[in-house]
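Each chain, letter by letter, is given below.
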Amino acid sequence: MPADIAYGPLARQRFDVYVPGASLADADKATGSPLVIFIYGGSWNMGSRRDYRFAGEALAAQGFTVMVVDYRLYPQVRYPDFLKDCALAVGYGLAHARELGADPRRVFLYGHSAGAYNVAMLALDPRWLRGAGHSPDELAGWVGLAGPYNFLPIQDAGVKLVFDWPETSPDTQPINHVGDLARPLPAFLGAAVHDKVVVPEQNTLPLADRMKARGTAVTVRTYEHVNHALLVGALSWPLTPFAPVLDDTVAFMRSAAPVAATP
């Protein structure tokens, strides 16, 4: 497993790569496997890529090349610097997909919780990837699990510090960027029905409704037998029986059309 690859000059601008087994890689030998760029959560103030080895391994076992990305956290940075880090990582993945054994026409963003926020902002608001020399148009789609997409006014004391509440602009909210792209990206939105950390009725469901109203292809799945943390934990055995998150997100990414080649 290639590890500790730098996408920028700073200590937390690193990622690990998980690759499919040889038999799975053979299926995509001509074009390369789809590339998943996985961004974890942790309220923008904690987390490490090494804690999410299970996610990289689970998706690689399904035939994907996976980048599990670190990014700077509070108190080292506040909004929007962690988005800039994630955009740099995605830019690296897009530019170096072939070197990683992946297909640059089938690049997906995949995030949980705060990571789903980061993914949504990169997928919906073009200024972040543009700042890294790329565009959401280069992506094939995105997956958000238990994402905070519509969380003003901010209630959590730690999140207030990250977003400088009460000076937080509505521009920070992913839901307010639906419609920013000429070609909206296909999306998969997953949520735990009984999530008390990021309430789906305030976040996932309104975002899905707004995206559908704008004609975006969005798949929504809600899961009864998991909570906020177990939603992403269910990617890995022995927790997969609690919710078919792995099967559902893999099916979504496998069914997404590749990005058209640039003339």
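To be clear, the structure that these remarks concern was listed above.
Residues numbered from 1 in each chain as written. Predicted model: local features only at pLDDT ≥ 70, side-chain atom pairs only at ≥ 80, totals over all residues. Heavy atoms only, no water.

Colleague: Please give an account of the pattern of salt bridges that cites residues and values.
Modeller: Between side chains of opposite charge, a pair can form as their charged atoms come close. Per the stated rule, a full pass over the model turns up 13 salt bridges. Between R12 and D70 there is a salt bridge, with its nearest N and O atoms 3.6 Å apart. Placement of R12 in the loop between β1 (5-6) and β2 (14-18) and of D70 in the loop between β4 (65-69) and α3 (81-96) is noted, with a sequence separation of 58 residues between them. The closest approach of N and O atoms between R183 and D137, which form a salt bridge, is 4.0 Å. One end of the pair, R183, is in the loop between α6 (157-162) and β7 (187-192); the other, D137, is in the loop between α5 (127-131) and β6 (141-145), with 46 residues separating them in the sequence. Judged by relative accessible area, which is 34%, R183 ranks as partly exposed. D137 gets classed as partly exposed once you look at its relative accessible area, which sits at 37%. When salt bridges with common partners are traced through the structure, they connect D4, R12, D16, R49 and D70 into a single cluster. (Salt bridge = Lys/Arg side-chain N within 4 Å of Asp/Glu carboxyl O. Helix = DSSP H or I, 4+ residues; strand = E, 2+ residues; numbered from the N terminus. Buried < 20%, exposed > 50% of the residue type's maximum accessible area, 1.4 Å probe, protein only.)

Colleague: A description of the nonpolar core should follow, citing residues and the corresponding values.
Modeller: The biggest cluster of nonpolar side chains holds 92 residues, and the ones touching the most others in it are F38, F82, Y110, W142 and F163. Leave out the neighbours within four places in its chain, and Y110 touches V36, I37, F38, I39, L59, V119, V143, L145, L235, V245, T249 and M253. (Core = buried A, V, L, I, M, F, W, Y, C linked by side-chain atoms within 4.5 Å. Contact = heavy atoms within 4.5 Å.)

Colleague: With reference to specific residues and values, describe helix α7 (residues 204-213).
Modeller: What α7 keeps buried is the set T204, L207, A208 and M211. Angularly, the buried residues of α7 cover 100 degrees about the axis, an arc narrow enough to put them on a single face. Set apart from the buried face of α7 by more than 90 degrees, the exposed residues are D209 and A213. Following α7 by one or two positions, G215 adopts a phi angle in the positive range, close to 85 degrees. (Arc of directions from axis to C-beta.)

Colleague: Summarise the sheet that holds strand β3 (residues 33-39); cite the residues concerned and give the values.
Modeller: Taken in spatial order, the 8 strands of this open sheet run β1-β2-β4-β3-β5-β6-β7-β8, and their pairing is mixed. The open sheet terminates on both sides in strands that have one partner only, identified here as β1 and β8 (218-223). Packed on one face of the sheet, α7 meets β6, β7 and β8 and runs near 155 degrees to β7. (Pairing = 2+ DSSP bridges. Axes fitted to C-alpha atoms, helices over the stretch in contact; angles between N-to-C directions.)

Colleague: So what about the pairing of β2? Which residues, and what values?
Modeller: For β2, the tally of buried residues reaches 5 of 5 residues, placing the bulk of the element in the interior. Burial along β2 is two-sided: the residues R14, D16 and Y18 and F15 and V17 are all buried.

Colleague: Give a description of the environment of W44 that names residues and reports values.
Modeller: Checked against the element boundaries, W44 lands in the loop between β3 and α2 (53-60). Residues W44 and Q76, spaced 32 residues apart in sequence, show a C-alpha to C-alpha distance of 10 Å. Apart from residues no more than four positions distant in its own chain, W44 is found in contact with L73, Y74, F82, A114, Y117, N118, P148, F151, V159, V162 and F163.

Colleague: Hey, could you go over the side chain of H228 for me, with residue numbers and the actual values?
Modeller: Tracing the backbone shows H228 in helix α8 (residues 228-233). Reaching out from H228, the side chain makes a polar contact with the side chain of S113 at a distance of 2.9 Å. Looking at H228, its side chain comes within polar contact range of the side chain of D195, at 2.7 Å. Look past the residues within four positions of H228 in its chain and what remains in contact with it is H112, S113, A146, A192, D195, V197 and V198. (Polar contact = N/O pair within 3.5 Å; in protein donor to acceptor, adjacent residues only side chain to side chain.)

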